[in-house]
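Examining the three-dimensional arrangement
Chain by chain, the residues run as shown.
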Amino acid sequence: MSRSAREDILARIRRAVDGAPEVEIPRRYRVTAEADDLVGLFAERVGDYRAIVHVVPEAEVPARIAAIVGGRRMVVPDGLPAGWTPPDAPGAGPADPYTADGVVTGCAVAIAETGTIVLDTGPGQGSRAQTLVPDYHLCVVRADQIVAGVPEAVSRLDPARPLTWISGPSATSDIELNRVEGVHGPRTLEVLIATP
Amino acid sequence: MSATFLGMPGNFPKNSARAVQDSQLRYNLRKATHTIRGKRASVVGELPDWQELRAAGKAIKDETLRHLDRYLVQLEETVTAAGGHVHWARDAAEANRIVAGLVKATGEREVVKVKSMATQEIGLNEALAAEGITAYETDLAELIVQLGDDFPSHILVPAIHRNRAEIREIFLDRMDDAPPGLTDEPAALAEAARVHLRERFLRSKVAVSGANFMVAETGTLVVLESEGNGRMCLTLPETLISVVGIEKVLPTWRDLEVFLQLLPRSSTGERMNPYTSTWTGSAEGQDFHLVLLDNGRTDVLADEVGRQALRCIRCSACLNVCPVYERAGGHAYGSVYPGPIGAILTPQLRGMGSELDASLPYASSLCGACYDVCPVAIDIPEVLVDLRAKAPHGAAERAGMRVAGWVLNDQARLAAAQRAAGRLRRLVPRRLPGPLSAWTDTRDLPGIPEESFRDWWEREG
């Protein structure tokens, strides 16, 4: 049954487009965007989504993470750089996402123009459930991971990996088209940009 | 359970005449559409290459449709190679049967759903209910519609016709765990939905979704959303079933660089939507099924003028700028696809056999605002005019048009008719009698000059 549906649909398509003209695709849009200050633009655009943003020299990242996390019980994904693991506060350490207070991760790519972070479940980024279920997400973005626009991000990413593009905290505009932060995903997104 | 639009009675003029009497509805719609219009204009204006992106988006879709057979076969190969299972469905009934069968095979009786136009189009929730399977909508607006036993009225914001006070009432009446002191603050309403759905997400073993895009080259599916309910459904359950229209395929991974810019800015008026998920086949060990849906799409594809409607990426920018939609609301269109895109898509997908569907090509003033904002440049007015020609016309109208054609096709006949009209012009009433009054009820009869231009030119020239 399914097999004949396949052949039916393909045959109908071939009949429908028979003799239709070929199409050229003009790609005259920007594939590399110009931006003098990628870190500054990214920080501003992430902030526009009402995420909390810090710009910190790389060497100070561990201390800043410790200060931000405080006593929260954080999920620590496999492969997170040792210095980014929150220190032993009461109850800190690897935690079950279903009971943890938050999650700390790195990322694969970040996009300045749109204020977007992309996770690809690689080292230090956790599984998709680990970055979804906890109510708080602290994400460390290295300055060299920030690209200017969407086309550069798409070309850097591996489609075989499950990707999650994150632009600010979970939000809805379903009530009178007013944006409200915090529905099912993490209600608080905090971004630490590590500069050299 | 939200009702289905199929077989809805009435026609657009009657439905819209009723809708414009509802002042609350008009207020809600006006407020919402004007808000989103402004947001869209501002983020589209930020991009110096918007028109180039739009041209690329249009051409990529046209090229895909030209070779749709090839790209679907390629997609089937790549999805299968990545551990997914591909099913083909000629129509709604076949798609519903496939999904129900897949759910039953898991032994489950409940599914969670991500907002999907395709599954609404085929009435999946109702079909599953008939098989004893309960489908839970998880998008906030879909939840409002489902709890309120209501119809969706907008592609992106299905509960756009409801204001916060009405939503609070629906939650208090129909949501068993709604907090008794619930206020109508949007944040409080969103929190109530979060709590209501949390357990369900963590418990559910099967999810049903649609997809915004499917990439033939890599077998990747893409879902854009805001709340995180999409991520919950796509990630946590052991089985994921995605029902997707065949026109949603894109040839290459690279093509996403165009559409991930066009869609968020056009739909919610944001630089980027909060969450976009992409997955290829069986991700993180999930059992993945893709149901490819025709359900009238190949008929649309066969129409040289109308096939451009298949470029649609369901952003709903055309609804938000349409003066007719703003006043009539989404329900008047009697379809899951309301507004200008619905007026060209529904009559093509369903045919113009019903009174309602035949009236849809007239649900427009042809002002063209929809074409201007369309991110894939669908010339909606062109398709509307073409569909009007194809729609059934009454015997009296056909006879009138035949007479008009006979007169206008011959110089001597036209001149004679003009002279006769000029002499009788004082006798022509301001409003026409009998069935012809349908025309003058809503329009002024044009004034007839004493002398035609041709006669004046003969005399003076």
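Here the structure is a predicted model, which means the values were calculated and not measured.

**Description of the overall build of chain B**
- When its secondary structure is counted, chain B shows 23 helices and ten strands.
- Taking 2.2 N^0.38 as the reference for a compact globule, 461 residues should give roughly 23 Å; the C-alpha atoms of chain B span a radius of gyration of 25 Å, in line with that estimate.
- Looking at chain B residue by residue over its 461 residues, the buried ones come to 52%.
- Restricting to contacts in chain B with at least 6 residues of sequence separation, those with at least 24 account for 76%.

**Regarding the overall build of chain A**
- Within chain A one finds four helices and eleven strands.
- On C-alpha atoms alone, chain A measures out to a radius of gyration of 21 Å, which is more than a quarter above the 16 Å that the 2.2 N^0.38 rule sets for 196 residues.
- Projecting the C-alpha coordinates of chain A onto the three principal axes gives extents of approximately 70 × 45 × 40 Å.
- Per-residue burial over chain A gives 47% buried out of 196 residues.
- Long-range contacts, defined here as pairs at least 24 residues apart, represent 68% of the contacts in chain A between residues at least 6 apart.

**Here we look at the domain arrangement of chain B**
- Along its sequence, chain B is organised into domain 1 (12-298) and domain 2 (395-460).
- Computed over C-alpha atoms only, the centres of domain 1 of chain B and domain 2 of chain B are separated by 51 Å.

**Some details on the packing of helix α16 (residues 339-350) of chain B against helix α19 (residues 380-390) of chain B**
Residue and element names in this part refer to chain B.
- At a minimum axis distance of 10 Å, the contact between α16 and α19 shows a crossing angle of 40°. As summarised for this structure, α16 and α19 are arranged oblique, according to the angle between their axes. Considering only the axes of α16 and α19, their crossing is left-handed. Of the residues in α19, those in contact with Pro340, Ile341, Ala343, Ile344 and Pro347 of α16 are Ile380, Val383, Leu384 and Leu387.

**Structural notes on the interface of chain A and chain B**
- On the side of chain B, 71 residues touch chain A, which itself brings 57 residues to the contact.
- Every element with two or more residues in the side of chain A that touches chain B is listed here: α1 (2-17), α4 (150-156), β8 (163-166) and β9 (171-172) of chain A.
- Looking at the side of chain A that touches chain B element by element, the count peaks at twelve residues for α1 of chain A.
- Residue classes in the side of chain A that touches chain B are distributed as 27 nonpolar, 15 polar and 15 charged.
- With four bridges connecting them, β8 of chain A and strand β9 (residues 275-280) of chain B associate as antiparallel partners. What sits directly across from Leu163 of chain A, in β9 of chain B, is Thr278 of chain B.

**A few points about the environment of Gly296 of chain B**
Residues and elements named next belong to chain B.
- Positionally, Gly296 belongs in the loop between β10 (287-293) and α13 (297-301).
- Note on Gly296: 19 C-beta atoms within 10 Å, which makes it partly exposed.
- Spatially, the C-alpha atom of Gly296 lies 6.9 Å from that of Arg350, the residues being 54 residues apart in sequence.

**Description of the sheet that holds strand β11 (residues 188-195) of chain A**
Residue and element names in this part refer to chain A.
- Sheet architecture is open: five strands sit in the order β1-β11-β6-β3-β2, paired in parallel fashion. For this open sheet the edge positions go to β1 (52-57) and β2 (74-75), each flanked by a neighbour on one side alone.
- Taken together, the two bridges between β2 and strand β3 (residues 102-105) define a ladder with parallel strand orientation. Its bridge partner being in β3, Val75 is matched across the sheet by Val103.
- In the packing of helix α3 (residues 61-69) onto the sheet, the strands contacted are β1, β2, β3, β6 (136-142) and β11, and the crossing angle to β11 comes to about 165°.

**Side note on the UniProt feature "domain: LUD" (unreviewed entry) in chain A**
- In the numbering used here, UniProt assigns the feature "domain: LUD" (unreviewed entry) to residues 99-193 of chain A.
- With 7% helix and 36% strand, residues 99-193 of chain A has end C-alpha atoms that lie 27 Å from one another.

**Examining the UniProt feature "domain: Lactate utilization protein B C-terminal" (unreviewed entry) in chain B**
- Per the UniProt record, the feature "domain: Lactate utilization protein B C-terminal" (unreviewed entry) sits at residues 390-461 of chain B.
- Between the C-alpha atoms that bound residues 390-461 of chain B there is a distance of 42 Å. The span itself is 56% helix and 0% strand.

**A look at the pairing of strand β1 (residues 85-89) of chain B**
Residue and element names in this part refer to chain B.
- For β1, the buried fraction is high: four of the five residues fall into the buried class.
- Looking at chain direction, β1 and β10 are connected through five bridges and run parallel. Within β10, the position partnered with Ala89 by the bridge is Leu293.

**Digging into the sheet that holds β8 of chain A**
- Taken in spatial order, the eight strands line up as β7(A)-β4(A)-β5(A)-β8(A)-β9(B)-β6(B)-β5(B)-β8(B) in an open sheet, and their pairing is mixed. Both outer strands of the open sheet, β7 (146-147) of chain A together with β8 (249-250) of chain B, are each paired with one neighbouring strand and no more.

**Let's talk about the environment of Leu319 of chain B**
Residues and elements named next belong to chain B.
- Here Leu319 is to be found in helix α14 (residues 317-321).
- C-beta crowding within 10 Å serves as the criterion here: with 30 such atoms nearby, Leu319 is assigned to the buried category.
- Each residue touching Leu319, except ones within four places of it in the same chain, is listed here: His154, Ile155, Tyr325, Pro338, Gly339 and Pro340.

**Let's talk about the nonpolar core**
- Counting residues in hydrophobic clusters, the biggest one holds 180 residues, and the most contacted among them are Val141 of chain A together with Val243, Val291, Leu292, Leu293 and Cys318 of chain B.
- Aside from chain neighbours lying at most four places away, what touches Leu292 of chain B is Leu72, Val86, His87, Trp88, Ala89, Val244 and Ile246 of chain B.

Thresholds, definitions, all that
Residues numbered from 1 in each chain as written. Chains lettered and ligands numbered in written order. Predicted model: local features only at pLDDT ≥ 70, side-chain atom pairs only at ≥ 80, totals over all residues. Helix = DSSP H or I, 4+ residues; strand = E, 2+ residues; numbered from the N terminus. Rg over C-alpha atoms; globule rule 2.2 N^0.38 Å. Buried ≥ 20, exposed ≤ 12 C-beta atoms within 10 Å, placed from the backbone. Contact = placed C-beta atoms within 7 Å. Domains from an automatic or database assignment. Axes fitted to C-alpha atoms, helices over the stretch in contact; angles between N-to-C directions. Parallel < 35°, antiparallel > 145°, perpendicular 65-115°, else oblique. Left-handed = near helix turned anticlockwise from the far one by under 90°. Nonpolar A, V, L, I, M, F, W, Y, C, P; charged D, E, K, R; others polar. Pairing = 2+ DSSP bridges. UniProt positions renumbered as here; feature names shortened; annotations may be inferred. Core = buried A, V, L, I, M, F, W, Y, C linked by C-beta atoms within 7 Å.

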